[in-house]
Amino acid sequence: MVSNTNQTYAKKGSSSSGLFVLFFIVLVCLGAFATNPTSVEHKLILKDKMREYLNTEIDKMQLENDNKFAALGASLGAAFGGIIIDKFIHESVVVDDYYLFSITNVRWEGKIKMVGLGIFGKVILHPDIDKKLKEGLTKNK
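This report concerns the structure included in the present document. Note that the structure is a prediction, hence the values are computed from the model and not measured. (Residues numbered from 1 in each chain as written. Predicted model: local features only at pLDDT ≥ 70, side-chain atom pairs only at ≥ 80, totals over all residues. Heavy atoms only, no water.)

### Remarks on the sheet that holds strand β1 (residues 93-97)
Reading across the sheet, the four strands line up as β1-β2-β3-β4 and stay open at both edges, with antiparallel pairing between neighbours. Only two strands of the sheet have a single neighbouring strand rather than two, namely β1 and β4 (122-125). Adjacent strand axes in the sheet meet at a mean angle of 30° when their direction is disregarded. One ladder, built from seven bridges, connects strand β2 (residues 102-108) with strand β3 (residues 111-119); its direction is antiparallel. The residue of β3 that forms the bridge with Ser-102 is Gly-118. With respect to the sheet, helix α2 (residues 39-64) is in contact with β1, β2, β3 and β4, its orientation differing from that of β4 by roughly 45°. (Pairing = 2+ DSSP bridges. Helix = DSSP H or I, 4+ residues; strand = E, 2+ residues; numbered from the N terminus. Axes fitted to C-alpha atoms, helices over the stretch in contact; angles between N-to-C directions. Contact = heavy atoms within 4.5 Å.)

### Quick look at the packing of aromatic side chains
Inspection of every chain in the model, using the stated rule, returns three aromatic pairs. The interplanar angle of 75° and the centroid separation of 5.7 Å between the aromatic rings of Phe-88 and Trp-108 together place this pair among those described as edge-to-face. Of this pair, Phe-88 sits in helix α3 (residues 68-92) while Trp-108 sits in strand β2, placing them 20 residues apart in sequence. In this structure Phe-88 comes out as buried when scored by relative accessible area, which is 17%. (Phe/Tyr/Trp six-rings, centres within 6.5 Å; stacked < 30°, edge-to-face > 60°. Buried < 20%, exposed > 50% of the residue type's maximum accessible area, 1.4 Å probe, protein only.)

### Quick look at the environment of Ile-119
For Ile-119, the location among the structural elements is in strand β3. With relative accessibility at 28%, the residue Ile-119 sits in the partly exposed group. Each C-alpha atom, one on Ile-119 and one on Phe-33, is 8.6 Å from the other, the two residues being 86 residues apart in sequence. Setting aside residues no more than four positions away along its own chain, Ile-119 makes contact with Pro-37, Leu-100 and Phe-101.

### Quick look at the pairing of β4
Across the two faces of β4 the burial differs, with Val-123 and Leu-125 buried and Lys-122 and Ile-124 not buried at all. For β3 and β4, the ladder comprises four bridges, and the chain directions are antiparallel. Considered in β4, the bridge of Gly-118 is made with Val-123. The antiparallel pairing of β3 with β4 creates a hairpin that spans two residues between the two strands, and Phe-120 there sits at a positive phi of about 50°.

Honestly, that's just the spatial picture; any functional story needs more than this.
This is how it looks when you write it as structure tokens:
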């Protein structure tokens, strides 16, 4: 009889740890669902990254050409670049929402490429995004 009682306690212990793990998984999923970034947040993060890159390139050009025409060209480039970035984001960026996380995709040259991941309130861009932006900029020159 004593061994039978020990087996009953062992089953209850494993069952309660299984419930704890299940509760933890449900809690994490609820947190991921509640904090999944919106499509607008994805697009804003990508837009900020592209504008940051554009501004650094314009600053480099201004340092190389230190005259009034270069300054005028840089300010016009920043204005037109901002318009082009806004249009690109609006037309080419698609966010796939999977409820617990979301993926930022860009349609480029007939292909869809993943450039970011949104989870727990954060949008994480691909580490090679700077390299890809530079390739796209030099390809369009």
